Amino acid sequence: MAAAPGPRGWWQRWGPGLAARDGSKMLLLLLFLGSGQGPRHAGAGQTFEYLKREHSLSKPYQGVGTGSSPLWNLLGSAMVMTQCIRLTPDVQSKQGALWNRVPCFLRDWELQVHFKIHGQGKKNLHGDGLAIWYTKDRMQPGPVFGNMDKFVGLGVFVDTYPNEEKQQERVFPYVSAMVNNGSLSYDHERDGRPTELGGCTAIVRNLNHDTFLVIRYVKRHLTIMMDIDGKHEWRDCIEVPGVRLPRGYYFGTSSITGDLSDNHDVISLKLFELTVERTPEEEKLHRDVFLPSVDNMKLPEMTAPLPPLSGLALFLIVFFSLVFSVFAVVIGIILYTKWQEQSRKRFY
């Protein structure tokens, strides 16, 4: 099912062209849409969107891996280019990542990813794809599209190479999603099928038009849509209710190449805070969680981490431990002295 893009997507696709052709039209359009910092209505249900610049990235990529406090960090082979952030070049055995250094504490959000995958490889001679992350840990290189295995959080994978040779029903490139509490491994040999929440075919390589992916998380409902056909329409890919994601995790994207390779480029990442009306009953049901999970999906149990102790609590614990130790030593000395006195009396 295709959904028409809202004013945000319309401006991103057509605004720059209008600006180049007619400055007056651009001014009218800006007056109509606003400055981009205020709220925007996102449809029925009284939902409004706010661009969160501390979690967003676009050209000319200021604050990426430079300065005293960059908002985004590069890892591995990732590099800043004029038109994109290149996670990996079209070279074998490379891996790179881009991570936001600010944890996200939003309850409802939408992440729009503008990306491009292209290279010299023909047919199935290219790989391996890229991933978009919302995870507890950041800047941890590993085998899962350039990130660590047994991650804690959400991973969305744009997989361009089929590792499972016997499967016939799935056409690649393929987009899938996985929620992990740190207990599961991503199965490369089966292209992640045992742990995926859902997926769809997405022909995204070597296209002459823009390709977009949107991750929307509202009221514990996860939706992933694609705009890859050059028609400026969203196509549903994955929809999963009952997804429970903790707040305070990090957004990032990563990629890896092996014997096969591709250029994996990120052009922009835009995060929007969604303000959604909730009934009192919904407020009770949507309390914060400590570990990711999915309703009606059995994940191996993991112990939720205990909240860190405050400085005062740690001081009190150390203080009373020392007092107890001194008290125990004093009592021991007194008892030992009395025992010696009684022993001398019996001797005489």
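All values derive from a computational prediction rather than experimental measurement. (Residues numbered from 1 in each chain as written. Predicted model: local features only at pLDDT ≥ 70, side-chain atom pairs only at ≥ 80, totals over all residues. Heavy atoms only, no water.)

Draft legend 1. Examining the overall build of the protein more closely. Broken down by element type, the protein carries 4 helices and 19 strands. Looking at the protein as a whole, 44% of its 348 residues are labelled buried. In the protein, the share of contacts with a sequence separation of at least 24, taken over all contacts with a separation of at least 6, comes to 69%. Surface accessibility of the protein: about 19,000 Å² in total, with carbon and sulfur atoms responsible for 58%. (Helix = DSSP H or I, 4+ residues; strand = E, 2+ residues; numbered from the N terminus. Buried < 20%, exposed > 50% of the residue type's maximum accessible area, 1.4 Å probe, protein only. Contact = heavy atoms within 4.5 Å. Areas by Shrake-Rupley, 256 points an atom, 1.4 Å probe, with all protein chains shown as cover.)

Draft legend 2. The state of the cysteines, seen in detail. As enumerated under the stated definition, the model contains 1 disulfide in all. One disulfide in the model links C200 with C237; its S-S distance is 2.0 Å. Disulfide C200-C237: the torsion about the S-S bond is -100 degrees, which places it as left-handed. Remark: C237 occurs in strand β15 (residues 234–241) and C200 occurs in strand β12 (residues 198–201); sequence separation between them is 37 residues. (Disulfide = S-S within 2.5 Å.)

Draft legend 3. Looking closely at a nonpolar patch on the surface. On the surface, a nonpolar cluster with roughly 600 Å² of combined accessible area is contributed by L312, F315, L316, F319, F320 and V323. Examined against the element boundaries, L316 turns out to sit in helix α4 (residues 311–347). (Patch = residues over 30% accessible without salt bridge, like charges linked within 9 Å, V, L, I, M, F, W, Y side chains within 5 Å. Salt bridge = Lys/Arg side-chain N within 4 Å of Asp/Glu carboxyl O.)

Draft legend 4. Representation of the UniProt feature "transmembrane region" (unreviewed entry) in the protein within the structure. The UniProt entry lists residues 312–336 under the feature "transmembrane region" (unreviewed entry), expressed in the numbering used here. Each end of residues 312–336 is marked by a C-alpha atom, and these two atoms are 36 Å apart; helix forms 100% of the span and strand 0%. (UniProt positions renumbered as here; feature names shortened; annotations may be inferred.)

Draft legend 5. Quick look at the nonpolar core. Counting residues in hydrophobic clusters, the biggest one holds 50 residues, and the most contacted among them are W109, L154, V175, L213, I215 and M226. No other element matches the 5 residues that strand β8 (residues 109–118) contributes to this core. Excluding residues that lie within four positions of it along the chain, L154 makes contacts with W109, I132, W133, Y134, T135, M178, V179, I215, L222 and L245. Residues A131, V144, F151 and L299 belong to the second largest nonpolar core, which totals 13 residues. (Core = buried A, V, L, I, M, F, W, Y, C linked by side-chain atoms within 4.5 Å.)

Draft legend 6. Summary view of the sheet that holds strand β17 (residues 250–256). Strand order across the open sheet formed by 7 strands is β4-β7-β17-β9-β10-β11-β12, with antiparallel pairing between neighbours. Pairing within the sheet leaves two strands with one partner each, and these edge strands are β4 (72–76) and β12. Looking at each pair of strands side by side, their axes are set apart by 15 degrees on average, direction ignored. Across 5 bridges, β4 lies against strand β7 (residues 95–100) in antiparallel orientation. Across the sheet, residue N73 finds its bridge partner in β7, namely W99. (Pairing = 2+ DSSP bridges. Axes fitted to C-alpha atoms, helices over the stretch in contact; angles between N-to-C directions.)

Draft legend 7. Focus on the pattern of salt bridges. This model, assessed by the stated rule, comprises 13 salt bridges. Of the charged contacts in the structure, one is a salt bridge between R216 and E49, with a shortest N-O distance of 3.9 Å. A residue pair is termed long-range when its members are at least 10 positions apart, and R216 in strand β13 (residues 211–218) and E49 in strand β3 (residues 48–51) qualify at 167 residues. Residue classification places E49 among the buried positions, given a relative accessible area of 8%.

Draft legend 8. Region of interest: the confidence of the model for the protein. Across the protein, the average pLDDT comes to 83, with 80% of residues at or above 70. Throughout residues 1–39 the model reports pLDDT below 50, and contacts reaching past four residues in sequence, or to other chains, amount to 52 contacts. (pLDDT = per-residue confidence, 0-100.)

Draft legend 9. Up close: the environment of V243. Its place among the elements puts V243 in strand β16 (residues 243–244). Its relative accessible area of 0% is what places V243 among the buried residues. As for V243 and S293, which are separated by 50 residues in sequence, their C-alpha atoms are 6.1 Å apart. Other than its neighbours up to four places away in sequence, V243 contacts V179, Y217, R220, L222, S293 and V294.

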